Amino acid sequence: MPTLAIIGAQWGDEGKGKITDYLAENADAVVRFQGGNNAGHTIIIGENTFKLHTLPSGILRKGKLAIIGNGVVINMADMTEEAKQLTDAGMTLDCLRISDRAHVIMNYHKKLDGAEESRRGKVAVGTTKKGIGPAYQDKIARCGFRAGDLLESDLIKEKAGVLLPMKNELLDMYGGERCGCTVDKMCGMFETWNESFGRYICDTSVLINDMIDEGKNILFEGAQGSMLDVDHGTYPYVTSSSTVGGGICSGSGIAPNRIKEVVGCLKAYTTRVGEGPFVTELFGEEGAYLQDKGGEFGTTTGRGRRCGWLDLVVARYSARLSGITHWAITKLDVLNGYEEIKVCVAYEIDGEILKHFPASIRKLERAKPVYETLKGWKDMADYDGSYRSLPLEAKEYLRFIEESTGVPVGIISIGPERSQTVDVYKKWWPAQEQ
Ligand code: GDP
Ligand code: IMO
Ligand code: MG
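Caption draft 1: The arrangement of the coordination of the magnesium ion (ligand 3) in detail. At this site the magnesium ion (ligand 3) is bound by Asp13 (OD) and Gly40 (O), with donor distances of 2.0 to 2.2 Å. Residue Asp13 is found in the loop between β1 (3–8) and α1 (16–23), and its partner Gly40 is found in the loop between β2 (29–32) and β3 (41–45); the two are separated by 27 residues along the sequence. Neither residue differs from the other here; Asp13 and Gly40 are each classed as buried.

Here's what the structure looks like:
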């Protein structure tokens, strides 16, 4: 089965965009299946830096379909800006396809996100304030707008007449600013979005399944990471979608037995944006050093990312949740220069050693990392593109990850550029296996 998925194995920002772009070279389509423009995937191609939020990273590779699946929530106005970034660089949107079942993020969702966060006070999640949570709330509550509605103006008018006052009442309740939109204005906005994107809207589940039947190579691009999954992550400090492998099926309309390989994108250390427990977090100078060295500032919000050592309790948990078949270890170059590198192999909670990630947020707050210390390396300068030329200690580090997680390393990333990628597995697609 020519399908391959990329899943973030930590708290997001693992370098999924770069790995997706790398693997997209031999793909026929790249599919986003969850999340929205809370995602920020930075891809550097030569002189150009692209920051993608809703558009699948495959859109940067000529001739590949870029599919936004039904599980995604779309801010059409923001996507218009994002698309401009590409058309300004001489690319076209001809390869874009948008599921008619994908939900639309409205302005009132953004306002509600802000108002809910303020009301939560001490227990605020630290969201991106893009309206992601409220948009998914409406989807589950069965009162959302879908991309397919763009094509049916009478439906928009009917729904807007009911939903706009409802949302303003909610905003009043939370003490938030009302949504100034009127039903007519809203219909106008949908009309504009229809002009921009209407021609790309279709039944993407049919499209993806047909492509798989024809033996085409399909790449699924995850957003966020396993630890932000609404069920399995550090709840309530999570996002509002299913970021694990299972989300691919519901979010793109394919069956579980149609996914062949699952690449877990694992940064060589750990970062997290926003609130919530983070067992291996480094504070003070140590944290600031890693943040600076890794350039750890959010693509979407510009917020500084909290930084810490690699957590293999998290990696093992992610591997279990998504059936990860290979790791893509990213940002290994950032660890260059350390005398010693620590890796968390278990947690100590109330005197007990735990190897599995607990559900309790209180327990996680009390968890102390159990570290193993590995030798660092100083010189990646002799690297010539091969695994062989990596420093011995870096190879030991990778071997340690493989042995502790039971998952082989398939890709090693040692810089943001396409060329700074060591492809160990090389057999991602059927044609490469021959
Ligand atoms: P994503 O959300 O998982 O796609 O990750 P982000 O794009 O938000 O953050 C990853 C950042 O690291 C981006 O700025 C990438 O250009 C950069 N990056 C990706 N891989 C590597 C790598 O191997 N080494 C270095 N130094 N930077 C990388
Ligand atoms: P990519 O795809 C890192 C975090 C937010 C916040 C929590 C909930 O670039 O890896 P939300 O706005 O989703 O309701 O916020 O989730 N978050 C991310 N952190 N990378 C992301 O995406 C994220 N998307 C959401 O910071 O803590
Ligand atoms: Mg990101």
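Caption draft 2: The arrangement of the site of ligand 1 in detail. For ligand 1, the set of nearby residues contains 19 residues, the closest of which are Lys16, Gly40, Thr42, Asp333 and Ser413. Contact between ligand 1 and Thr42: an oxygen atom at 2.8 Å from a main-chain N or O atom of the residue. Between ligand 1 and Ser413, the relevant distance is 2.5 Å, taken from an oxygen atom to a side-chain nitrogen or oxygen of the residue. When ligand 1 sits alone it has 590 Å² of accessible area, and the protein chains cover 90% of it. Residue assignment for the shell around ligand 1 shows that the elements contributing at least two residues are α1 and β3. Here the shell around ligand 1 is built from residues that sort into four nonpolar, eight polar and seven charged.

Caption draft 3: Focus on the pairing of strand β19 (residues 409–413). With five of five residues buried, β19 lies mostly within the body of the structure. Strand direction decides the pairing type here: strand β15 (residues 326–330) and β19, joined by three bridges, are parallel. Bridge pairing in β19 places Ala328 opposite Ile411.

Caption draft 4: The site of ligand 2, seen in detail. By nearness alone, 20 residues border ligand 2, and Asp13, Lys16, His41, Thr128 and Thr239 come closest of all. In this structure, Arg303 approaches ligand 2 through a side-chain N or O atom, which is 2.8 Å from an oxygen atom. Protein contacts shield 97% of the accessible area of ligand 2, which totals 550 Å² for the unbound molecule. Taken domain by domain, the shell around ligand 2 gets at least three of its residues from each of domain 1 (3–95 + 203–433) and domain 2 (103–199).

Caption draft 5: The arrangement of the pattern of salt bridges in detail. Considering all chains together, one arrives at 24 salt bridges under this definition. A salt bridge links Asp149 to Lys159; its shortest N-O distance comes to 2.8 Å. Here Asp149, found in the loop between α4 (132–140) and α5 (153–174), pairs with Lys159, found in helix α5; they are 10 residues apart in sequence, far enough to count as distant. On the accessibility criterion, Lys159 (22% relative accessible area) is partly exposed. In this structure, Lys216 engages Glu214 in a salt bridge whose closest nitrogen and oxygen atoms are separated by 3.2 Å. With a relative accessible area of 55%, Glu214 lands in the exposed category.

Reading guide: rules and limits
- Residues numbered from 1 in each chain as written.
- Chains lettered and ligands numbered in written order.
- Predicted model: local features only at pLDDT ≥ 70, side-chain atom pairs only at ≥ 80, totals over all residues.
- Heavy atoms only, no water.
- Donors = N, O, S within 2.8 Å, 3.2 Å for Na, K, Ca; no water.
- Helix = DSSP H or I, 4+ residues; strand = E, 2+ residues; numbered from the N terminus.
- Buried < 20%, exposed > 50% of the residue type's maximum accessible area, 1.4 Å probe, protein only.
- Near = heavy atom within 4 Å.
- Polar contact = N/O pair within 3.5 Å; in protein donor to acceptor, adjacent residues only side chain to side chain.
- Areas by Shrake-Rupley, 256 points an atom, 1.4 Å probe, with all protein chains shown as cover.
- Nonpolar A, V, L, I, M, F, W, Y, C, P; charged D, E, K, R; others polar.
- Pairing = 2+ DSSP bridges.
- Domains from an automatic or database assignment.
- Salt bridge = Lys/Arg side-chain N within 4 Å of Asp/Glu carboxyl O.

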